[in-house]
Amino acid sequence: MPCFGLTGPFAGSDATSIPDFGIVCKGQWNGANVLGLKLTFDKRYITLAPVASLIGLAFRMYDPDGLLGDTRDIGITLALLPAETPGWKSGRRHFPLNSPFQNGPIHGKEVFIPLSQLIGGLDMAGKGWNMLNECLAVGRSITLPSTASGGAKSGAVVTGAYARIRKQFGLSVGRFEGVEEALARIGGKAYAISALSQATAAAVDRGDVPSVPSAIAKYHCTTAAREISKDVMDVIGGKGIILGPHNFAGRSWQAAPIAITVEGANIMTRSLLIFGQGSILCHPYILKEMRAAQDPDAKAGLDALDAALYPHIGGAISNAVRSLWFGLTGSRLQSVAGDAYTKKFFRKLNRYAANLALLTDISLGALGGRLKFKESLSGRLGDVLSHLYMMGAVLKRHHDEGCPEADKPLLAWAFHNSAYEIELALSQALRNFPIKPLGWLLWPLVFPFGRRAVAPGDRLCRRVASAADESERGARAAGAGRVPDPRCAQSGRPHQQLSGKGHRRRAGRAQIPQGAQDQGHRGAGFRRQLDEGVREGWITWRNASSWKSCASSPWTRSPWTISTRTSCVPPATTICMQGANAARWPDRCRRCLRCIGGWPAGRRGAGCSRGWCA
């Protein structure tokens, strides 16, 4: 069980400021005198530290006696410590936001390890910063996005089912437009999170080290999951704020800030990491120009710089022309991939990519090194890059799954939401550009007719919400694959009632809702709810009949209610008496037909020729 120690009391994500150090020296190891390190460290907030059997450690390596060469400050280095290594200890376990999350501190003073336990060996000493970026890229690509994806899917599926079976004013709460807006956000963001997580994990599976995509996935998946958790709590109301064994949302709401904080705080990830790395690693020429400028061979470096600089200038001019042309034509006059439905999405994707490329070239050229201090501008351009990646991810998912018709509303919602966020970020970047005249000149190149993208409309939100409140369809669309297990006390109960496949209950007062045990009009209201459930299909006739027969008090017998006599229960072939099946039993009395949700037109006789009624 591994853990990795980076964060300390005085240094978080900034590994260059860590005070933990290792001194190169000689010491005893397994009875032999070997060259190694004495480590002194103080780490906290370390995931899995209380149960770890192998510790990865980041520290600054020094060689004051010159045992390895002339370099005294070797730099940030990574090493592995088995749990049985003497001299270190794990402190009292942390308790993050009342959740069972294995997290705690580790301490050590002059802990000796041989140089063979350096990650990568002696050749990688001092190169820990690059290794940290690679290791964190892989971890950020899998752990937090997949956790957020699973939580978002569960929230979308269970909340949709709950909104369908929960009624207020005689109507399912999922049909209220205010709730539909929340369900649309839940379903659309769950679809986008799932696509983003899958696309980033696929890059790792191919053997890549996706540092920029992993930062995008970590930031947007955890942020969207927290927003979904908020909407879930709004929809389920009191069900979510009272903690107990059947509350499926309370703990998720409590623990949402944990994912926001770990593996790099989201504010830092957005403001510094996404665009800071993306502008260099994703640009076709910037990295080549930087390497050429650092080449010790001046002539070779100048030739390499010329080979990259002139295409860079030509590419910047091309991006400006493309950005203006796509804005004037609405990006319609271009050949793109996709089918008849997705072509319009790919055209918008090309336009926004040209907009971002233009602003990136202008920002780097005009601001230079000052750009890394303009965190607001970097964050907004990072938002554009992130949503471009998310657009590509949802389109890839839709294509990979065979372009299902049921997913189109969720695809459209996720895409239009990202398009709206992109244009909002671009407009804010231009309005607040550090060089104001340059921002004014760039505006007509990016928005010749102004901002055109709008947030998903009410009609689209209604379609997404209608998909979310159907258990099987909502689970498939959200990417959950299957609905929660009906045996699950928290998330399975809404689907148990929605699908009509609930557990059979034995007769007994303790297992009957209070409404069924009460006398008078309370009991009658409960019976009417069961009748309505049979008509709408979220509970079967047999289950409704068993609930009624378990009531402790006799039912009021009138033509508008039902009898609890077992003789009133029809054979198994007459479970559904609506539609075509109703014609098979034309002589049923209205009392029996009332208990299964209606009667055939013109058949309201008071008698029953079948003899099933008392």
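Residues numbered from 1 in each chain as written. Predicted model: local features only at pLDDT ≥ 70, side-chain atom pairs only at ≥ 80, totals over all residues. Heavy atoms only, no water.

1. What about the overall build of the protein chain?
Along the protein chain, the regular secondary structure elements total 19 helices and nine strands. Taken over 614 residues, the protein chain has a buried fraction of 45%. Pairs at least 24 residues apart make up 70% of the contacts formed inside the protein chain by residues separated by at least 6 positions. (Helix = DSSP H or I, 4+ residues; strand = E, 2+ residues; numbered from the N terminus. Buried < 20%, exposed > 50% of the residue type's maximum accessible area, 1.4 Å probe, protein only. Contact = heavy atoms within 4.5 Å.)

2. Thoughts on the side chain of Thr159
By the secondary structure assignment, Thr159 is in helix α1 (residues 128–165). The contacts of Thr159, once residues within four sequence positions are left out, are Ser154, Leu183, Ile186, Val232, Val235, Ile236 and Phe248.

3. Quick look at helix α5 (residues 250–261)
Every buried residue of α5 is accounted for by Gly250, Ala256, Ile258 and Ile260. Tucked into the core, α5 has its buried residues touching α3 (211–236), α4 (238–241) and α6 (266–281). Positive backbone phi, at 55 degrees, marks Glu263, one or two positions downstream of α5.

4. Describing the packing of α3 against helix α10 (residues 375–400)
The contact between α3 and α10 brings their axes to 10 Å, and the two run at 90 degrees. The orientation of α3 with respect to α10, classified from their angle, is roughly perpendicular. For the pair formed by α3 and α10, the contact residues are Val212, Pro213, Ile216, Tyr219 and His220 on the first element and Asp383, Leu385, Ser386, His387, Tyr389 and Met390 on the second. Along the lines of polarity and charge, the residues of the contact of α3 with α10 split into seven nonpolar, three polar and one charged. (Axes fitted to C-alpha atoms, helices over the stretch in contact; angles between N-to-C directions. Parallel < 35°, antiparallel > 145°, perpendicular 65-115°, else oblique. Nonpolar A, V, L, I, M, F, W, Y, C, P; charged D, E, K, R; others polar.)

5. Considerations on the packing of aromatic side chains
Per the stated rule, a full pass over the model turns up four aromatic pairs. On the numbers, 6.5 Å between centres and 70 degrees between planes, the contact of Phe169 with Phe176 is edge-to-face. Residue classification places Phe169 among the exposed positions, given a relative accessible area of 80%. Among the residues examined, Phe176 registers a relative accessible area of 29% and is labelled partly exposed. Plain terms: the ring middles of Trp443 and Phe447 are 5.0 Å apart, the flat faces sit at 55 degrees to each other, and that makes the pair tilted. What makes Trp443 partly exposed here is its relative accessible area of 23%. An aromatic cluster of at least three residues, connected via ring pairs, comprises Tyr341, Phe345 and Phe415. Lying over the aromatic face of Tyr341, Lys408 brings its terminal NZ or CZ to 4.7 Å of the ring centre. (Phe/Tyr/Trp six-rings, centres within 6.5 Å; stacked < 30°, edge-to-face > 60°. Lys NZ or Arg CZ within 6 Å of the ring centre and 35° of its normal.)

6. Here we look at the environment of Leu136
With respect to the helices and strands, the residue Leu136 is situated in helix α1. Given the relative accessible area of 26%, Leu136 is considered partly exposed. Sequence separation between Leu136 and Ser211 is 75 residues; the distance between their C-alpha atoms is 7.9 Å.

7. A look at α10
If you check α10, its first and last C-alpha atoms are 36 Å apart, about what 26 residues at 1.5 Å a residue would give, namely 38 Å. Most of α10 sits inside the fold, with 19 of its 26 residues counted as buried. After α10 finishes, the residue Gly402 shows a positive phi value of roughly 85 degrees. (Expected span 1.5 Å × (residues − 1).)

8. As for the pairing of strand β4 (residues 54–62)
Inspection of the sheet shows strand β1 (residues 2–5) paired to β4 by four bridges, in the parallel sense. Bridge pairing in β4 links Gly5 to Leu57. Sheet topology places strand β2 (residues 21–29) next to β4; three bridges connect them, and they run parallel. Along β4, the bridge assignment pairs Ile23 with Tyr62. (Pairing = 2+ DSSP bridges.)

9. Here's the deal with the pairing of β2
By the bridge criterion, nine bridges tie β2 to strand β3 (residues 32–47) in an arrangement that is antiparallel. Residue pairing across strands places Ile23 opposite Lys38, the latter belonging to β3. What sits between the antiparallel neighbours β2 and β3 is a turn of two residues, in which Asn30 has the positive phi angle 55 degrees.

10. Description of the pattern of salt bridges
Summed over the entire model, instances satisfying the criterion amount to 13 salt bridges. Across the pair Lys299 and Asp303 runs a salt bridge, and its minimum N-O distance is 3.4 Å. Residue Lys299 and its partner Asp303 are both found in helix α8 (residues 298–329); the two are separated by four residues, about one turn of the helix. By relative accessible area, Asp303 is classed as partly exposed at 42%. Residues joined in a network through salt bridges with shared partners are Glu177, Glu180 and Arg462. (Salt bridge = Lys/Arg side-chain N within 4 Å of Asp/Glu carboxyl O.)

11. Let's talk about the environment of Leu39
Within the fold, Leu39 resides in strand β3. In this structure Leu39 comes out as buried when scored by relative accessible area, which is 0%. Through-space distance from the C-alpha of Leu39 to that of Phe21 is 5.9 Å; in sequence the pair is 18 residues apart. With near-sequence residues (within four places) excluded, Leu39 lies in contact with Phe21, Gly22, Leu57, Phe59, Leu81, Gly108, Lys109, Glu110, Val111 and Ile113.

12. Re unusual backbone geometry
The backbone of Asn98 shows a phi angle near 60 degrees, a positive value even though the residue is not glycine. Note that Asn98 resides in the loop between β6 (88–90) and β7 (103–114). Given a relative accessible area of 35%, Asn98 falls into the partly exposed group. For Ser331, which is not glycine, the phi dihedral falls at a positive 55 degrees. Taking the relative accessible area as the measure of exposure, Ser331 reaches 2% and is therefore buried.

13. A short note on the confidence of the model for the protein chain
Confidence along the protein chain averages 79 in pLDDT terms, with 79% of residues attaining 70 or more. Ignoring residues within four places in sequence, the model shows residues 500–524, a span with pLDDT below 50, making 36 contacts including any to other chains. Note that residues 551–614 has pLDDT below 50 and, in this model, 100 contacts with residues that lie over four places away or in other chains. (pLDDT = per-residue confidence, 0-100.)

14. Concerning a nonpolar patch on the surface
A cluster of nonpolar side chains, Leu309, Tyr310, Ile313, Ile317 and Val321, forms an exposed patch at the surface whose accessible area comes to about 500 Å². In this fold, Leu309 is placed in helix α8. Exposure remark for Leu309: the relative accessible area of 33% places this residue in the partly exposed category. (Patch = residues over 30% accessible without salt bridge, like charges linked within 9 Å, V, L, I, M, F, W, Y side chains within 5 Å. Areas by Shrake-Rupley, 256 points an atom, 1.4 Å probe, with all protein chains shown as cover.)

15. Looking at the side chain of Asp20
By secondary structure assignment, the location of Asp20 is in the loop between β1 and β2. A polar contact of 2.8 Å, which involves the side chain of Asp20, links it to the backbone nitrogen of Asp42. There is a polar contact of 2.7 Å between the side chain of Asp20 and the side chain of Lys43. If we ignore the near neighbours within four places in the chain, the residues touching Asp20 are Thr40, Phe41, Asp42, Lys43, Ala58, Phe59 and Arg60. (Polar contact = N/O pair within 3.5 Å; in protein donor to acceptor, adjacent residues only side chain to side chain.)

16. Notes on the packing of α1 against α3
Axis angle and axis distance: for two packed helices, these are the angle between their axes and the distance between the axes, and together they describe the pair. Taken N-terminus to C-terminus, the directions of α1 and α3 make an angle of 20 degrees; their axes are 8 Å apart at the nearest point. Relative to α3, the element α1 is oriented roughly parallel. Considering how the two elements wind past one another, α1 and α3 form a crossing that is left-handed. Seen from α1, the contacting residues are Ala137, Arg140, Ser141, Leu144, Pro145, Ala148, Ala152, Gly155, Thr159, Tyr162 and Ala163; seen from α3, they are Ser211, Ser214, Ala215, Ala217, Lys218, Cys221, Thr222, Ala225, Ile228, Val232, Val235 and Ile236. When grouped by side-chain class, the residues that make up the contact of α1 with α3 number 15 nonpolar, six polar and two charged. (Left-handed = near helix turned anticlockwise from the far one by under 90°.)

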